[in-house]
Amino acid sequence: MTELADKTLVDRLTEDLKPAVARLEELRQATVAKAVLRLGIVAAAAMVGGLLAWGGFGNTGVGILIFIVGAVVVWQWGKRLYRDFKDEAADLLMPAACAAFGDLSYTRQPGGFEPIERMQQIGVVETHHRTQFRDLLVGSHRATGFRVVQAVLTSRRRRDDVTGHVGDTIRNNFGEQILRTISRSTGNYRLRSTSGPARTVFNGLLFAIDVPATIAGPILIARDRGGIGNTFSGFMQKISAMQRVNFEDRDFEKRFEVYARDGDAARDVLGPKMRQTFCALDEMFSRKGVQAAFDEHKFFLAAKTKRGLTDPITVFKAMDAPRDVAATLADRLTLVHRVIDHLHGHDSVSGGRPGAP
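Treat the numbers as computed from the prediction; the structure is a model and nothing was measured.

(A) Spotlight on the overall build of the protein chain. When you go through the protein chain residue by residue, the secondary structure sums to 10 helices and eight strands. For the protein chain, the exposed surface amounts to about 18,700 Å²; the carbon and sulfur share of it is 54%.

(B) Examining the environment of Val 258 more closely. Take Val 258: it is sitting in strand β7 (residues 256–260). The buried category is assigned to Val 258, whose relative accessible area is 0%. The sequence separation of Val 258 and Ile 221 amounts to 37 residues, and the corresponding C-alpha distance is 4.7 Å. Once residues lying within four places of it in the same chain are set aside, the contact partners of Val 258 are Ile 219, Leu 220, Ile 221, Gln 243, Arg 244, Val 245, Phe 247, Phe 252 and Leu 270.

(C) Representation of the pattern of salt bridges within the structure. Counting across every chain of the model gives 21 salt bridges. The salt bridge partner of Arg 108 is Asp 135, with a shortest N-O separation of 2.9 Å. Residue Arg 108 is found in the loop between β1 (104–107) and α3 (116–122), and its partner Asp 135 is found in strand β2 (residues 130–141); the two are separated by 27 residues along the sequence. Judged by relative accessible area, which is 12%, Arg 108 ranks as buried. We classify Asp 135 as buried; its relative accessible area is 0%.

(D) Geometry of the packing of aromatic side chains. Inspection of every chain in the model, using the stated rule, returns eight aromatic pairs. On the numbers, 6.4 Å between centres and 70° between planes, the contact of Phe 207 with Phe 285 is edge-to-face. Of this pair, Phe 207 sits in strand β5 (residues 189–223) while Phe 285 sits in the loop between α8 (272–284) and β8 (291–304), placing them 78 residues apart in sequence. Between the aromatic rings of Phe 294 and Phe 299, the centroid separation amounts to 4.9 Å while the plane-to-plane angle is 45°, which identifies the pairing as tilted. Of the two residues examined, Phe 294 and Phe 299, each falls in the buried class. Connected via pairs of aromatic rings, a cluster forms that spans Phe 247, Phe 252, Phe 256, Phe 278, Phe 294 and Phe 299.

Calculation rules
- Once a new chain begins, its residue numbering starts again from 1 and follows that chain's sequence as written.
- The predicted nature of this model means local features are confined to residues of pLDDT at least 70 and side-chain atom pairs, given and counted, to a pLDDT of 80 or more, with totals for whole chains, interfaces and linings taken over all residues.
- To obtain the side-chain values, all non-hydrogen atoms of the structure were used and water was disregarded.
- Put simply, DSSP H or I for four residues or longer makes a helix, DSSP E for two residues or longer makes a strand, and each gets a number counted from the N terminus.
- Per-residue and other accessible areas follow the Shrake-Rupley method at a 1.4 Å probe size, with only the shown protein chains counted as cover for residues.
- The buried label goes to any residue with under 20% of its type's maximum accessible area, the exposed label to any with over 50%, and the partly exposed label to all in between, with areas taken from a 1.4 Å probe on protein chains only.
- Two residues qualify as a contact provided that any one of their heavy atoms is within 4.5 Å of a heavy atom in the partner residue.
- A pairing counts as a salt bridge when a side-chain nitrogen of Lys or Arg comes within 4 Å of a carboxyl oxygen of Asp or Glu.
- Stacked, tilted and edge-to-face are the three classes applied to pairs of Phe, Tyr and Trp rings, where Trp contributes its six-membered ring and a pair requires centres within 6.5 Å; stacked means planes under 30 degrees apart, edge-to-face means over 60, and tilted covers the rest.

In structure tokens, the structure reads:
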């Protein structure tokens, strides 16, 4: 937790949140009661339907099918109730939390996240076809503006074929950019694509943070994917005129691989202290997949984590400790402050390593 979320702030936020937490406990109990009632209704209906099916058709398979359908209905109802409860929690808790932190605004269901297209172009996030955003925070810390959002990015699985003089058939599962580049260079080809099931390519937090000085970019700080992955990544970046930049830094090189159009500029930006900063950020997110980029006056960061920014409560536990809710919420809302502190060369954590999100 940063200095902004110290004991005094948590004490004040606890007092501010007491009415909201009391109301949320009422909603939690009502949600649980509603879920139990719906479960009972569906279970009874499934049981009766199963018995009737078995008696009328003498077929236990029909009864099992009815039970499965009932279980699916219960699951979908439960997800909707849980989602509605989380939305109510955000509506009740976030106004007081934003007021406590001052320069902070919050949107539960943002219509989009403007930097996402540029983040995909650079390679901070993978190519995707569908986006889901929630919990957008916009504010400033250390005179540095920021935007952070929870994001789920999904992509349709594709199989792309190129045929012609480049070979009988080139099948590539890594994406269409290479194939289209090859296609343009040969002049004698056929590109054919088929779509498959969707897959999640990213689930976590996306940061867009202002940079005081314009940096010659882009400079991509990607994960080290091992020998084969690095070879493929290197080929991809060469296509877009970005080259691999190496550093005499064993710890940093074990975690990241850097690509830039200007190697000297990248080395100037990623000096020893900044490389230590990225290693610290990697630890902060438990080495789960931090990728980043400097791009002129912006710093982009993608960190994989399933823990949300504004979910300090659960429907399965009574909310009888408002201070615990306030402390957890304050810790998560200062996550972006900790990232900015690291970028400014400050360790904002009191007592050691920050709580990983």
